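Chain and residue survey
So you can see what is in the structure, the chains are spelled out below.
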Amino acid sequence: MRAVTNVTRPEILRIAGAILLWGGVHLAMGAFDVGRFLIVASFIFLTLLLAPRVRTAEGRFSAVGWGVVAVGLVCGGAYAWNQTTFAAWGLVGSGFVLGLGLPFAVGYPTGRRWAVWGAFAGVAVGVPVALELHETHFAEEEFFIAVEMLILTGFWGLLSVAATFKRPVSAPGRAYRWLAGLLIVEALGALWVARAYQRSFYPLTAPTFPGISAETPFVCGEVPPSETVYAGDAVFQALLARVERNPEKNVLDYALLAVGTGNPVWAADFRVSLLAEAEAGQFTHPANSVKYSQYLAGQRAYVYLTVRAAFPDLFSPADQQLLEAWFWAINRRAQTTEWIDVFYALALGQLPAGPYENQETGAGLLALLETGGLAAPELAAKNQAYLAENPRGWLARFRVTDDAAVYQPEWIANAWHQSQYAPSPDPATMRQSFDWLLRLALPDGAPLRINHLGAATVEKYALLGAALLDDGEYVWLAGRAGAWLDAQGSFSGVVPGMDLAPLQTGVSPTVGSCLLYGDSGLPTQVGPLAPDKLVFRSGWEPDDLYLLINLRFTGWHRYKATNSVTMLYQEGALVFEDLSGGTSRWLPEGRSQFRDRRIPRENLNGLLIPRTGMSAVLWTLTGFGSPWAQDPPYYAEVTQFEQAPGLDVSTSVIANWRGWRHARTVYFFHEGVVVIVDDAQGPANGDARLGWHLTGGITPDSERLALGAQTPARAEAVFLPLSAGSSSAFVPVSGEPNHVQALYLSPADGHLRTATVFLTQDWVGAWVTRTETGVQIMQGDQILEVILDE
């Protein structure tokens, strides 16, 4: 047996070459730093030093080999117990040493050697990645995990080349047994990962809150109503005017103008436009990675049926024959299983099928085709069976399970189409779906942006809610949203239920700050009622103050926003989420947008903690991704939500996130002051941050930031580190004017406590001080004080 200390010169050269080469890879990736280089260099050195000594010249395990096995077992047990970074390093290191040191059928045909090498690589790379996925609840985008695996495979290949020592030759039978055994392990591991993936989108239990139930999923206060009044007919006519002034009208716009005005000229334009799409075979071609085309096709079916009912003689028999064939082809495409459906099926735990499940788009389309008599004859039974087996829409829930503002309106449209096919949804459930839009709405009517780059204007869907439920508050909301669009010179689009224009007068909402719970799960699975958003508002006038806090990281379209501030808003965003990451052109179209799990935690306004466990190990080895943990807990638990005259208070908590606990308490003063107290406690020497993204510029005051693009500032933020040893810093974001990132840095004891004070309206320029009992804000003879618990 060779002694570990008996290192030859060729070994030293190979080890040094591997270290320098991998350091160069990190340098080319822009991920090089000295600390990481030293850790990776030590890993490579020990791995390549020990691997040749795992077996004796006769092929038996050496004392070194048994020692490595023992280290692997101990570290594996420790990692299973508490997922520490040290244990993860030991587990990965022992796996690499054993994998490189075991025989690779040296002396046998190349194909066999590559097969055995590939099997060992699959275990050496696959096991750590699988453990990371389980550890992080699949928090990262799937294609980025694939990239990480490729980089790690390249690292394994580099070590394999560097470890070109003489191994004992195995008999062919033994090589085949190695290969068979490894393949069985990998197959079982793949099944385990697939099952864990299917369970990763949401937990089966969720935190509760007193007064919250399926019947009352919202707890809200009250604010004074707006003085503005909107008449239903005027709101609808204003919408038609915005559509008419659009210089780039499409078939949907012509349909709305035709039905809304009764003008046959618009009907004729609609006919020409729709027939052109039918002749081109729109929405009948393979969808590839984006099945949103089913939603667009459903809109065509809806407007065709609606316009045809309003203008019975518009289409000739030849026209109708062409359109009938087109909708039949759309139906066939919708029921065709494509490659992307295999990936959806893997996630949803079902057999692949053509109808698009997200936002219940496929169900909405099939319901329209069946209701309107547009379904392909040979598919009628299949359509009806799908709809019967999948009772969705308002029969199953009141809102989409995706965490993006743009998807609730789409889901409402699909729920409405399904209700036309299978009536009898509960009116209370219908109302909750529109109340969801109302309670999230910005006070000036601007479109709301959450997660997705697209913003959701609620105008069209509020009108549908007003027509279906005869509710003046929805008319008012549509009027306010339309007024914002007019002020921006923007246009409107097609209205679901455009033949149901409301006539009642809009009544201003009085709903105030809210704790919102919502349906969790997936399109095909109903999860528990779960915490979703905290909404704070001072009123419904355009210049009133609004604050939105996200409480979740669940669903198909989800992002890492647990206990983060989505926005602070007053006639524009003062605090916002940085969604400026751009498109990844190397990804399939459906995954290329900067949204969902692609948005890193540091682009949001919340706690940042370092990676630990297997996540830290693989990030260090590959240099790929962010240094910050990207797997916040599924939910923040709301432990306090109280309303008093002029003041709303909440506390939301995430616990045991890699050893950290974060409590965020909001004091929302209706007169224009918001105090957010953050208390994060973690391991000693834990390098945590608390990040904010703000619209504004740095002021000479080291603790104060002017907010907004105007001069003088329309708002300010004051940053007060409360824990001993903590500090704050402002970082202007390069290339983005008026975008400043503010960071609090944790002290050595791991206790980061801060108070961030936002001053708006008459409170801009107020004196903010830390007192013995809390934080005091003073403007002239007015004083606000927040008492802080020690």
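Check the entry above for the structure.
Remember, predicted model here, so these are calculated numbers, not experimental data.

**Examining the overall build of the protein**
In terms of regular secondary structure, the protein is built from 20 helices and 22 strands. For the protein, whose C-alpha radius of gyration is 30 Å, the value lies close to the compact-globule estimate of 28 Å for 790 residues. Along the first, second and third principal axes, the C-alpha atoms of the protein reach 95 × 80 × 45 Å. Residue pairs in contact within the protein that sit at least 24 positions apart in sequence constitute 69% of those at least 6 positions apart. Accessible area of the protein: about 31,100 Å², with a carbon and sulfur share of 60%.

**Describing the pairing of strand β11 (residues 647-657)**
Among the 11 residues in β11, 8 count as buried, and that is most of the element. Once strand β10 (residues 637-644) ends, the chain turns through 2 residues before running back antiparallel as β11, passing glycine 646 with a positive phi of about 80°. As defined by bridge partners, β11 adjoins strand β12 (residues 660-669) across 9 bridges and the pair is classed as antiparallel. Following the sheet pairing, threonine 651 is matched in β12 by threonine 665. The antiparallel pairing of β11 with β12 creates a hairpin that spans 2 residues between the two strands, and arginine 658 there sits at a positive phi of about 50°.

**Some remarks on the packing of helix α8 (residues 232-244) against helix α9 (residues 251-261)**
Running from N to C, α8 and α9 point in directions that differ by 140°, and their axes come no closer than 10 Å. Of the possible angle classes, the one that applies to α8 and α9 is oblique. Between α8 and α9 lies a crossing whose hand is left-handed. Counted together, Phe236, Leu239, Leu240, Val243 and Glu244 of α8 and Asp253, Leu256, Leu257, Gly260 and Thr261 of α9 form the full contact between these two elements. Of the residues contributing to the contact of α8 with α9, the split by class is 6 nonpolar, 2 polar and 2 charged.

**Considerations on the packing of aromatic side chains**
Enumeration over the complete set of coordinates arrives at 34 aromatic pairs. Each member of the aromatic cluster is reached from another via a ring pair, and the members are Trp22, Phe43, Trp89, Phe96, Phe155 and Trp156. Above the plane of the ring of tryptophan 540 lies arginine 537, whose end atom (NZ or CZ) is 3.9 Å from the centre.

**Considerations on the pattern of salt bridges**
Applying the stated criterion to the full structure yields 26 salt bridges. For the salt bridge of glutamate 357 with arginine 392, the shortest nitrogen-to-oxygen distance reads 2.9 Å. You can see glutamate 357 sitting in the loop between α13 (339-348) and α14 (361-371) and its partner arginine 392 sitting in the loop between α15 (380-389) and α16 (407-421), a full 35 residues away along the chain. For the pair glutamate 357 and arginine 392, one class covers both residues: buried. Among the ionic contacts, a cluster of salt bridges with common partners joins Arg399, Asp403, Asp532, Lys533 and Arg552.

**Structural notes on a nonpolar patch on the surface**
Taken together, the side chains of Leu27, Phe32, Val34 and Leu38 make up a nonpolar region of the molecular surface, amounting to roughly 400 Å² of accessible area. Along the chain, leucine 27 turns up in helix α1 (residues 9-29).

**Structural notes on the packing of helix α2 (residues 34-50) against helix α6 (residues 142-162)**
α6 packs onto α2 with a crossing angle of 45° between their chain directions and a minimal axis gap of 11 Å. In terms of their interaxial angle, α2 and α6 are classed as oblique. Our pair here, α2 against α6, has a crossing hand that is right-handed. Across the interface between the two elements, Val40, Phe43, Ile44, Thr47 and Leu48 of α2 pack against Phe155, Leu159 and Ala162 of α6.

**Quick notes on helix α12 (residues 317-334)**
With 18 residues, α12 should cover 26 Å at 1.5 Å per step; its first-to-last C-alpha distance of 25 Å lies within 8% of that length. Among the residues making up α12, those that are buried are Asp319, Leu323, Trp326, Phe327, Ile330, Asn331 and Ala334. Along α12, the residues classed as buried sweep out an arc of 140° about the axis, all on the same side. Facing away from the buried side of α12 by more than 90 degrees, the exposed set consists of Pro317, Ala318 and Gln321. Tucked into the core, α12 has its buried residues touching α10 (264-280), α11 (293-310), α14 and α15.

**A word on the side chain of glutamate 338**
Among the structural elements, glutamate 338 can be located in the loop between α12 and α13. Overall, glutamate 338 belongs to the buried group, its relative accessible area being 9%. At 3.2 Å, the side chain of glutamate 338 forms a polar contact with the side chain of arginine 333. With near-sequence residues (within four places) excluded, glutamate 338 lies in contact with Pro286, Ala287, Asn288, Lys291 and Arg333.

**Quick notes on unusual backbone geometry**
Of note in this structure, aspartate 470 is not a glycine but carries a positive phi near 50°. Classification of aspartate 470 as exposed rests on a relative accessible area of 61%. Positioned with a positive phi, glutamate 571 is a non-glycine residue whose angle comes to about 55°. With respect to the secondary-structure elements, glutamate 571 resides in the loop between β7 (564-569) and β8 (573-575).

Rules behind the numbers
- Residues numbered from 1 in each chain as written.
- Predicted model: local features only at pLDDT ≥ 70, side-chain atom pairs only at ≥ 80, totals over all residues.
- Heavy atoms only, no water.
- Helix = DSSP H or I, 4+ residues; strand = E, 2+ residues; numbered from the N terminus.
- Rg over C-alpha atoms; globule rule 2.2 N^0.38 Å.
- Contact = heavy atoms within 4.5 Å.
- Areas by Shrake-Rupley, 256 points an atom, 1.4 Å probe, with all protein chains shown as cover.
- Buried < 20%, exposed > 50% of the residue type's maximum accessible area, 1.4 Å probe, protein only.
- Pairing = 2+ DSSP bridges.
- Axes fitted to C-alpha atoms, helices over the stretch in contact; angles between N-to-C directions.
- Parallel < 35°, antiparallel > 145°, perpendicular 65-115°, else oblique.
- Left-handed = near helix turned anticlockwise from the far one by under 90°.
- Nonpolar A, V, L, I, M, F, W, Y, C, P; charged D, E, K, R; others polar.
- Phe/Tyr/Trp six-rings, centres within 6.5 Å; stacked < 30°, edge-to-face > 60°.
- Lys NZ or Arg CZ within 6 Å of the ring centre and 35° of its normal.
- Salt bridge = Lys/Arg side-chain N within 4 Å of Asp/Glu carboxyl O.
- Patch = residues over 30% accessible without salt bridge, like charges linked within 9 Å, V, L, I, M, F, W, Y side chains within 5 Å.
- Expected span 1.5 Å × (residues − 1).
- Arc of directions from axis to C-beta.
- Polar contact = N/O pair within 3.5 Å; in protein donor to acceptor, adjacent residues only side chain to side chain.

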